[in-house]
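# Architecture and fold: a report
The primary structure of each chain is shown beneath.
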Amino acid sequence: MIGQGIKDITVIDRKGKEVNIGETYAGKVLLIVNTATRCGFTPQYEELETLYEKYSDKGLEILDFPCNQFGEQAPGTEDEIHEFCTLTFGTKFPQFKKIDVNGENASPLFVYLKSCCGFAGFDLDHPIGKILADMMSKKDPDYASKPDIKWNFTKFVIDREGNVVRRFEPTAPISDIENLVVELLAK
């Protein structure tokens, strides 16, 4: 069963239907990600789909939440975003209604996820990592101490019991995420 914090959270799928995470994804390892279709990280959709194809039959579920809060890089309707993702990257994992991840209108799901795992730091060896770190520090020199989502493609891994295990920033290698997913699926 999905653990106490996340089990009662309800989200809205891309067609407007309420989905209770605890009921719908009980016993699954979850990879929850805020996405955008016009971002330097958008090609990560391909890596996410590869993970999904490799591990969905073993208990992995990827939950995709488009978010337009970072440079307005997720324009369009839910149907337009879905069409782009399926045609461009062949995505098959569930996609949800566009949300906010920060601020007063932040999705309760992301409020909860951020309360469990703060900012994990950008990989400064990643070419975009240095750019993001510089950009964030100019806006807020203390940005790294705050749990807010910093950019598109921030990922949270939740174990089969519903515990938020780890947060991965968009610059984290997909191999790190895959290693953790494999470990959690084996439990």
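Keep in mind it's a predicted model, so treat the numbers as computed, not measured.

Even without being glycine, E72 reaches a positive phi, approximately 50°. Here E72 is to be found in the loop between β4 (60–66) and α4 (78–89). In this model, F153 sits at a positive phi of 70°, which is unusual for a non-glycine residue. For F153, the location among the structural elements is in the loop between α6 (127–139) and β5 (155–158).

Below, the discussion takes up the packing of aromatic side chains. Following the criterion strictly, the structure yields 12 aromatic pairs and no others. On the numbers, 5.4 Å between centres and 90° between planes, the contact of Y45 with F153 is edge-to-face. Pair noted here: Y45 is in helix α3 (residues 44–55) and F153 is in the loop between α6 and β5, with a separation of 108 residues, a long-range link. By the burial criterion, Y45 is buried, and F153 matches it. The structure contains a cluster of three or more aromatic residues connected by ring pairs, namely Y45, Y52, F84, F89, F93 and F153.

Of all hydrophobic cores here, the largest spans 58 residues; its most connected members are I32, L60, I62, F65, L109, F110 and L113. The element best represented in this core is helix α7 (residues 174–185), accounting for 6 residues. Not counting residues up to four positions away in its chain, the partners in contact with L113 are I6, I32, F156, I158 and V164.

Right, let's get into the side chain of D159. Position of D159 among the secondary structure elements: in the loop between β5 and β6 (164–168). The side chain of D159 sits in the buried core without any salt bridge; K187 is the nearest counter-charge, 6.4 Å away. Looking at D159, its side chain comes within polar contact range of the main-chain nitrogen of N163, at 2.8 Å. Beyond its immediate stretch of four places on either side in the chain, D159 contacts K28, V29, V165 and L184.

The next point concerns the pairing of β4. Buried residues dominate β4, accounting for 7 of its 7 residues. Judged from the 7 bridges that link them, strand β3 (residues 29–35) and β4 form a sheet pairing that is parallel. Its bridge partner being in β4, N34 is matched across the sheet by F65. For the handedness criterion, the β-α-β arrangement of β3, α3 and β4 is classed as right-handed.

Let us now look at the environment of I128. Along the chain, I128 falls in helix α6. Its relative accessible area of 26% is what places I128 among the partly exposed residues. In the structure, I128 is positioned 22 residues away from K150 in sequence and 13 Å away in space, judged by C-alpha atoms. For I128, the residues in contact, after removing those within four places along its chain, are G40, F41 and T171.

Along the chain, D13 falls in the loop between β1 (10–12) and β2 (18–20). Lacking a salt bridge, the buried D13 has K17 as its closest oppositely charged neighbour, with an N-O distance of 5.5 Å. Among the polar contacts listed, one links the side chain of D13 to the backbone nitrogen of K15, at a separation of 2.9 Å. At a separation of 2.8 Å, a polar atom in the side chain of D13 contacts the main-chain amide nitrogen of K17. Look past the residues within four positions of D13 in its chain and what remains in contact with it is V19, Q95, F96 and K97.

The tally for this structure, following the rule as stated, stands at 10 salt bridges. The partner of E178 in a salt bridge is K54, with the nearest N and O atoms 2.6 Å apart. Remark: K54 occurs in helix α3 and E178 occurs in helix α7; sequence separation between them is 124 residues. Residue K54 is classed as partly exposed on the basis of its relative accessible area, which comes to 41%.

Reading the values: rules and limits
Residues numbered from 1 in each chain as written. Predicted model: local features only at pLDDT ≥ 70, side-chain atom pairs only at ≥ 80, totals over all residues. Heavy atoms only, no water. Helix = DSSP H or I, 4+ residues; strand = E, 2+ residues; numbered from the N terminus. Phe/Tyr/Trp six-rings, centres within 6.5 Å; stacked < 30°, edge-to-face > 60°. Buried < 20%, exposed > 50% of the residue type's maximum accessible area, 1.4 Å probe, protein only. Core = buried A, V, L, I, M, F, W, Y, C linked by side-chain atoms within 4.5 Å. Contact = heavy atoms within 4.5 Å. Lys, Arg positive; Asp, Glu negative; His and termini not counted. Salt bridge = Lys/Arg side-chain N within 4 Å of Asp/Glu carboxyl O. Polar contact = N/O pair within 3.5 Å; in protein donor to acceptor, adjacent residues only side chain to side chain. Pairing = 2+ DSSP bridges. Right-handed = clockwise from strand over helix to strand, strands pointing away.

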